[in-house]
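For reference, the chains in residue letters:
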Amino acid sequence: MLLRIFSIAIFMYTSLELQAQKDWELIKNKDGIKVSRKDSDSSAFKSIKVEGTFHGTWEKLVYILKDVKHHSDWVYKSSNVRFISSLDESDFTYYTVTEVPWPFENRDLIINMKFTEDNTGKIHRIVTKAQPAEIPVKAGIIRVPYFKAVWLVKMLDKNKMSITYTVSLNPGGSLPPWLMNTFAVKGPFETFRNLRELLKD
């Protein structure tokens, strides 16, 4: 009887895993970086997932992410990035602007970033969430009302990691489908390709 219950549980778990994988639609696979999308439970806009294997240390990744003044060097269409506040070394908040082609308005975003890891130190999780009320809204820029991204970083060895990054957001205002598609596909891909080069340095 126990064997039967165990077999049913395994079957249900496997079915759910396969269904979850099918939900994602692969839209770009180049240079070892995969970008997928699926309908979001929390936003009218599709969620995006980026997957890849990167050479570099966890410490280097943390340094790059905390060095917010240089985010515009590698994060797609990012500008005016500045530090806002910090609770401790693993929890801080910063401001960034995403540049959008004219005649559409740029978007700004206040992001809180938190780092955690498992007991082995081999699996790390980074959660970033929008804090739209943290500072006053600026004229001529649309505040992003919703943003949540999760980094799952698994250390394959000391200098090699796999990263799975998932994000869902509402950019606020209105944007045409072609522009949303550009940011949904090109943005994550270019960002992680740039990150790969920084990690190797």
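The shown structure was predicted, so the numbers you read here are calculated from the model rather than taken from an experiment.

Procedures and definitions
Residues numbered from 1 in each chain as written. Predicted model: local features only at pLDDT ≥ 70, side-chain atom pairs only at ≥ 80, totals over all residues. Heavy atoms only, no water. Buried < 20%, exposed > 50% of the residue type's maximum accessible area, 1.4 Å probe, protein only. Helix = DSSP H or I, 4+ residues; strand = E, 2+ residues; numbered from the N terminus. Pairing = 2+ DSSP bridges. 1 Å grid on protein atoms, 1.4 Å probe; cavity = no way out; pocket = protein on both sides within 12 Å on 5 of 7 lines; lining within 4 Å. Points joined across faces, edges and corners; volume = space filled by probe spheres on them. Nonpolar A, V, L, I, M, F, W, Y, C, P; charged D, E, K, R; others polar.

Visitor: I'm lost on the pairing of strand β5 (residues 91–98) in this one. Help?
Guide: Strand residues, when the strand is regular, have side chains that alternate between the two faces of the sheet. When you tally the buried positions in β5, you get seven out of eight residues, the bulk of the element. With seven bridges joining them, strand β4 (residues 78–88) and β5 adopt antiparallel strand pairing. Bridged to F83 within β5 is Y94. Taken together, β4 and the strand that follows it, β5, pair antiparallel across an intervening segment of two residues. Sheet topology note: the β5/strand β6 (residues 107–117) ladder contains eight bridges and is antiparallel. Of the residues in β6, the one forming a bridge with F92 is M113.

Visitor: Help me out: how do you make sense of the layout of surface pockets in this one?
Guide: It is the rolling of a water-molecule-sized probe over the atoms that shows where space remains empty. Its boundaries defined by the atoms lining it, the largest pocket holds a volume of some 970 Å³. In this structure, the largest pocket is lined by 40 residues; those nearest its centre are F147, Y165, V167, L169 and F183. Where the lining of the largest pocket is concerned, the elements lending two or more residues are β4, β5, β6, β9 (146–157), β10 (160–170) and α3 (177–200). Classifying every residue of the lining of the largest pocket gives 28 nonpolar, eight polar and four charged. Considering only enclosed or pocket space, the second largest pocket measures out at about 400 Å³ in volume. Forming the boundary of the second largest pocket are 18 residues, of which W24, S47, V150, T166 and V167 lie nearest the centre. Mapped onto the lining of the second largest pocket, the elements with two or more residues apiece are β3 (47–55), β9 and β10.

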